[in-house]
Amino acid sequence: MEPILSTLPQRRSRWRLNTGMLGAVLLLGIALPCLLSLPWSLKLYDAQDYTLINTAPGSTFWMGSDGLGRSLGWRCLLGGAISLGIGISAAIISVGIGVTWGTVAGYAGGRIDALMMRIVDVLFGLPYILLVVLLDLALSPFVEHVAKWMMPDTWAVQLSQLLTLLIAIGGVSWLTLARVIRGQVLSLREQPFIEAARACGVGRVRTFWYHLLPNLVGPIVVYATLTIPNAILQESFLSFLGIGVQAPMPSWGNLASEGTEQLASIGLTGSFTRWWLLVWPCVLLGLTLMGLNFVGDALRDKLDPRSRKSHR
Amino acid sequence: MFRFIAWRLIQLPVILLVIFGVTFTLAWLLPGNPLENPDKPVKPQIAEAMLKQYNLDSPWSFLRSYSVNVLTKGDLGPSLVYEDQTVNQIIGSGLPVSVQVGITALILALIIGVGTGLISAMKPGSLWDMSSLGIAVIGISLPTFVTASVLMIIFAGMLKWLPVQGWDSWEHMVLPSLALCAMPGAYIARLTRMGLADVMQSDFIRTARAKGLSKNKALIKHAMKVAFLPVLSFLGPASAATMTGSFVVEKVFNLPGLGVHFVDAVRNKDQFLILGVVLVFSTMLVLMNLLVDVAYAWVDPRIELVK
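Residues numbered from 1 in each chain as written. Chains lettered and ligands numbered in written order. Predicted model: local features only at pLDDT ≥ 70, side-chain atom pairs only at ≥ 80, totals over all residues. Heavy atoms only, no water.

(A) Seen up close, the nonpolar core. Judged by nonpolar contacts, the single largest core of 130 residues is most densely connected at Tyr66 and Phe253 of chain B. Broken down by element, the residue count for this core peaks at 14 residues, all from helix α12 (residues 271–299) of chain B. In terms of nonpolar packing, the next biggest core, distinct from the first, is built from 17 residues, Leu177, Val180, Leu188 and Leu226 of chain A among them. (Core = buried A, V, L, I, M, F, W, Y, C linked by side-chain atoms within 4.5 Å. Buried < 20%, exposed > 50% of the residue type's maximum accessible area, 1.4 Å probe, protein only. Helix = DSSP H or I, 4+ residues; strand = E, 2+ residues; numbered from the N terminus.)

Below, the structure written as structure tokens:
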């Protein structure tokens, strides 16, 4: 008979640790090539060769080429850099807003707290996708104006599209983090060490930087890693709907959605001829998101105080 | 309990009002009032209908006349793009489709998610556990439009078991629901599995085991109830989101649902439709959250609803 105290988490933590490492390796293996190849991929992503359209992966194009004779390999590399860039910047924006919002609400307490949290509730009540699209449309003229003022017009248009997109995605994904941080601050605020700091005459700002923030690093890191895959996924949805990263710029999202159009050929001809156009972006996207989720989960098990109790 | 529900029902219109205000402001950040949209001039018959009903002198006067119409007649106004349909008609025809697909997807997600989570927790570290967790992570990691397209290709294109697109019979509902349930299903499986793993360590389970209950019996009779709580709180927002339709799934399978309008209304700057769609969504979300809170109290009597 098995022992009564045979515990699940012992096994779980071993499996978690492995997946965390696996995720990190996966991520590095995909992100590094995407970033390191940027100097070349930026030049080659829209180089066209009309004699070689829709070629299968082989010696000329190692991932195949698309309907305009562009190398899918370079497009996937640049697309990866763009997708990861959007994910990371959106995560930074959402962490910035979320942490500030949460700490101010939790620290201020009382009516200010109630008001700020009701605002979060209201934003939760709005359909996420509608908010992103609205923000995207409402912000784009403004961002474009600013960008044109700062750099040559040709760059400004493309860059401002990317900027609007990541502001819109980051601007709507801070809500959960704000709630979590506020909860943490509420419970930390009552701890003896904060009280001791106050008794010593430490100011509010200093208390925040030296005593509160170090205790918030755990949840912040965890939610940041979990926000990145969500942001990348959001971008892919927007690309699918035609409002994400605009052509000719690639992202995994719009590469994958271009690839889904190829699926129609199965209905017509019965065989999936241009499989590479769908498979590569999806595999890269899937593996990256998987890696990020694995790392995020592993970090949560390690750092999040709410799940720490299971590691007694 | 009744006091709690009554209190929440009183709050409901206030929350809706605020949400409405936010959407109204955002929708008006899109250029100009509906009649002065430079990109797309409004059709004359729509403009006439609007001028008859609404006062368009300023955003404020418009807001007033619009609110009066919504509150007294339940009239959400004309659509600026679909000339022969009002917003009420659009929502009336789209919502049932979305809700049907959404509810089916939600039920599927619950059955599949809780089922796999439970079996995984019974035999942690087993092949089943590993593979179901793996599939769950894939379910979370792949965009819905990919899952939906692949499902369509396999079951409609290659095997020809089910129709490709459209909305005529129950067979048209199978693939969209399956595609839609992948993401919530994967989340539910993970939540169940993690929740159970945590709960199985707690003292009351040890007591139950010490009394002689088998592990699986303790799992189902005692641990399930507690481990279900995180799933329950996930269900609130998830159900509103799935029921008002996933725009992606509706687009792939060409369903006449409501989800499409969430995106298209904004892109077409169809302000009346934006407002109407948001009102429907938020009402459902708030109601779902209320339901979840009530269910929470019912499952876990320790939770105090009114302080």
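Here the narrative resumes, following the displayed structure.
(B) Region of interest: helix α9 (residues 215–243) of chain B. The terminal C-alpha atoms of α9 of chain B, which comprises 29 residues, lie only 37 Å apart, well short of the 42 Å expected from a rise of 1.5 Å per residue. Its axis deflected by about 55° at alanine 223 of chain B, α9 of chain B carries its strongest bend there. (Expected span 1.5 Å × (residues − 1). Bend = angle between axes of the 7 residues up to and from the residue.)

(C) Structural detail: the pattern of salt bridges. Residues and elements named next belong to chain A. Overall, the coordinates contain 5 salt bridges over all chains when judged by the stated rule. With a closest N to O distance of 2.8 Å, arginine 182 and aspartate 113 form a salt bridge. On the criterion of sequence distance, the pair formed by arginine 182 in helix α7 (residues 175–189) and aspartate 113 in helix α4 (residues 110–125) is long-range, its members being 69 residues apart. By relative accessible area, which is 23% here, arginine 182 ends up partly exposed. The shortest N-O distance in the salt bridge between aspartate 121 and arginine 118 comes to 2.9 Å. Here aspartate 121 and its partner arginine 118 are both found in helix α4, 3 residues apart, which amounts to about one turn of the helix. On the basis of relative accessibility, which here comes to 29%, the residue aspartate 121 falls in the partly exposed class. Classification of arginine 118 as partly exposed rests on a relative accessible area of 48%. Taken together, the shared-partner salt bridges in this structure form one network comprising Arg118, Asp121 and Arg179. (Salt bridge = Lys/Arg side-chain N within 4 Å of Asp/Glu carboxyl O.)

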